[in-house]
Amino acid sequence: MLEARHTMDAPTTTSADNGTSGGGGGWFTPRNKPEPGNEPAPAEAPGPAAGRRPAAIRPVGRPTPPPQPAPPAAGTAQPESPPAGTAQHASPPGSTRPASSPGAAAVPADTAGPAGPVPTALTPAPFASTVVPPAETRAPAQRPAPAPPRGEAASAPAASPDALLVRRAMAEVTPVADKVTSYFYALLFVRHPDLRSLFPAAMDTQRDRLLRALLTAAEHIDNTDVLVDYLQNLGRGHRKYGTRPEHYPAVGECLIGALSKYAAGVWNEEMEAAWVRTYTTISQIMIDAAAADELRSPAWWYAEVVTHELRTPDIAVVTVRPDQPYPFLAGQYTSVETPWWPRIWRHYSFASAPRSDGLLSFHVKAVPAGWVSNALVHRARPGDIIRLGPPAGWMTVDHTTDSGLLCVGGGTGIAPIKALVEDVAEHGERRRVEVFYGARTDHDLYDIDTMLRLQQTHPWLSVRAIIDQQAHQQLPDAVRAYGPWNEYDAYLSGPPGMIRRGVDALRDSGIPSDRIRHDSVEELVSAGN
């Protein structure tokens, strides 16, 4: 429901699409592939034939100095960054679970800065598989509560040696993040030009995602639950891009090459070994998750637009029919690719709970320079075919409790809030649900009639519209004024800034952090999302 909702992504653009986890041992070398059952293979997923192992992966050595990357060919990167605030309830609900979507631009290698050492060939100890065997059902698992956000792990054990080294390197390169990411992509595309086709033509947003993904992984390197969930979600989501296990070593090699160049002041063999171990762990989790996911669901779904309703000049409600069953939970989101902008994916929340007819609806606001959002609002028509990635997100209702629900939606962030209300109603529950629907003007309350009809139908539901220009206060402040909310589970959906302020307001009103749910990666890595 928002353009470029999560901006955090893994250092690579895709994930295993052929169900393999590889074989052999060595630096960044995938392990064994899972035994396929009778599950159907993903629809049209690219990759080698079933049963074929990826080629052995060459460890990084020191035969020759790394080539100086040349600027990518003209036309490969036309920057066009979506405006800030177009990413609503982005990915990890209080923990870090972003769904992935590439879309960034290769930039010429930076010539400033000392040349870093060439990564050494290291063979880390094997990492125990983190994949959970495929469940009988394809429906996504439901999480009772998200993990605490950044800054609340005061009681966490002391950081491991590898974590300290990884974070030290990250602290060194963060001030020159643009140079690091530009150099990384230039290095990747010069050394491995065959990987360029996996990325969109314009690489503007991809550059930011790389650093934010690294910040997230580095921040949670010792928090196994958060890190594994985050990376498994990335691995599953990356299948739609065509990533295969053999792509990960190339990414790791160039990533460490870029880090060693721009963290040269602190870089040494010990730090390099720590990064090799860390990246090997990260990539194996993603590879295993993608391989397991392939056994039960396709890499993407085709979906036909069946209705297109323009609610305002720049907001449309788009309803599609997927080509096969699409399992998801109310409150989740998916990634969308249009035929007009191949390989550019943006994230939108489902605007309803799962329906018996299998249709899916999205609320899309066209934003300046938003390629996908403008295509969906102004160009899409019934009969057009789009592609959907897998469902993701953890802003789902915990039906094992009877706590009240405080739901805060700003702008098109009302879409997943509406889905949550429908979900509570379908479960026959009578728990209190308080909805705050925020907008800058009354014209922006495009779905208020739907919410008021729900309120008339369900006596346990209360809907309040908060209009900034009339209330002379922002949505989070208005919510706090109606408190206290310490007996409620909170759900926030909207622009990143609103979510950040909302989280602070709800904490101040007494709601524990582990009962505040949202999918805004922006909020999590801003003190980092």
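Look above for the structure.
Draft legend 1. The arrangement of the packing of helix 5 (residues 247-262) against helix 6 (residues 269-294) in detail. Where helix 5 contacts helix 6, the two axes come as close as 10 Å, and the packing angle between them is 150°. Classed by the angle they form, the pair helix 5 and helix 6 counts as roughly antiparallel. Between helix 5 and helix 6 lies a crossing of right-handed hand. Of the residues in helix 6, those touching helix 5 at Y248, V251, G252, L255, I256 and L259 are E272, W275, V276, Y279, S283, M286 and I287.

Draft legend 2. Representation of the nonpolar core. Core analysis: the largest hydrophobic core is formed by 48 residues, its most contacted members being F184, L188, L231, W267 and W275. Counting residues per element, the ones that place at least two in this core are helix 1 (161-173), helix 2 (177-191), helix 3 (204-219), helix 4 (224-237), helix 5 and helix 6. Those residues in contact with L231 that sit more than four places away from it in its chain are I282, I285 and M286.

Draft legend 3. Just unusual backbone geometry, in detail. Unusually for a residue other than glycine, R343 sits at a positive phi of about 70°. Checked against the element boundaries, R343 lands in the loop between strand 3 (333-337) and strand 4 (345-349). Exposure remark for R343: the relative accessible area of 33% places this residue in the partly exposed category. Positive phi outside glycine occurs at A369, with the angle close to 65°. Residue position: A369 is located in the loop between strand 5 (360-365) and helix 7 (371-379).

Draft legend 4. Representation of the sheet that holds strand 6 (residues 385-388) within the structure. Read from one edge to the other, the open sheet built from 6 strands follows the order 4-3-6-1-2-5, with strand pairing classed as antiparallel. Of all strands in the sheet, those with a lone pairing partner are strand 4 and strand 5, marking the two edges. Put simply, the sheet's adjacent strands are angled 40° from each other on average, direction ignored. For strand 2 (residues 315-322) and strand 5, the ladder comprises 6 bridges, and the chain directions are antiparallel. The residue of strand 5 that forms the bridge with V320 is L360. Contacts between helix 7 and the sheet are confined to strand 1 (301-312), strand 2, strand 3, strand 4, strand 5 and strand 6, with strand 5 contributing the most and set at about 115° to the helix.

Draft legend 5. The arrangement of the packing of helix 4 against helix 6 in detail. Two elements in contact, helix 4 and helix 6, have axes whose closest approach is 7 Å; the angle formed by their N-to-C orientations is 55°. Here helix 4 lies oblique to helix 6, going by the angle between them. Between helix 4 and helix 6 lies a crossing whose hand is right-handed. The segment helix 4 lies against helix 6, with V228, L231, Q232, L234, G235 and R236 engaging I282, I285, M286, A289, A290 and D293. Classifying every residue of the contact of helix 4 with helix 6 gives 8 nonpolar, 2 polar and 2 charged.

Draft legend 6. The side chain of S513, seen in detail. Tracing the backbone through its elements, the reader meets S513 in the loop between helix 12 (496-508) and strand 11 (516-518). A polar side-chain atom of S513 sits 3.1 Å from a polar atom in the side chain of R507.

Draft legend 7. Just helix 8 (residues 414-426), in detail. Here helix 8 contains 13 residues, and its C-alpha end-to-end distance of 18 Å stays within 8% of the 18 Å for a straight helix at 1.5 Å per residue. Counting buried positions over the 13 residues of helix 8 gives 11, a clear majority of the element. For helix 8, the full list of buried residues reads I414, A415, P416, I417, K418, A419, L420, V421, E422, D423 and V424. Directly after helix 8, the chain includes G428, whose backbone phi takes a positive value near 70°.

Draft legend 8. Up close: helix 12. For helix 12, built from 13 residues, the straight-helix expectation of 18 Å at 1.5 Å per residue is met to within 8% by its first-to-last C-alpha distance of 19 Å. Within the sequence span of helix 12, burial applies to P496, G497, M498, I499, G502, V503, A505 and L506.

Draft legend 9. Just the pairing of strand 8 (residues 433-439), in detail. Counting buried positions along strand 8 yields 7 of 7 residues, so the element is predominantly enclosed. On strand 8, burial covers both faces: V433, V435, Y437 and A439 on one face and E434, F436 and G438 on the other are all buried. Bridging between strand 7 (residues 404-410) and strand 8 involves 6 bridges; their strand directions are parallel. Bridge assignment links L406 to a residue of strand 8, and that residue is E434. A crossover links strand 7 with its parallel partner strand 8, the connecting element being helix 8, and its sense is right-handed. The sheet contact formed by strand 8 and strand 9 (residues 461-467) spans 7 bridges and is parallel.

So, how was this worked out
Residues numbered from 1 in each chain as written. Predicted model: local features only at pLDDT ≥ 70, side-chain atom pairs only at ≥ 80, totals over all residues. Heavy atoms only, no water. Axes fitted to C-alpha atoms, helices over the stretch in contact; angles between N-to-C directions. Helix = DSSP H or I, 4+ residues; strand = E, 2+ residues; numbered from the N terminus. Parallel < 35°, antiparallel > 145°, perpendicular 65-115°, else oblique. Left-handed = near helix turned anticlockwise from the far one by under 90°. Contact = heavy atoms within 4.5 Å. Core = buried A, V, L, I, M, F, W, Y, C linked by side-chain atoms within 4.5 Å. Buried < 20%, exposed > 50% of the residue type's maximum accessible area, 1.4 Å probe, protein only. Pairing = 2+ DSSP bridges. Nonpolar A, V, L, I, M, F, W, Y, C, P; charged D, E, K, R; others polar. Polar contact = N/O pair within 3.5 Å; in protein donor to acceptor, adjacent residues only side chain to side chain. Expected span 1.5 Å × (residues − 1). Right-handed = clockwise from strand over helix to strand, strands pointing away.

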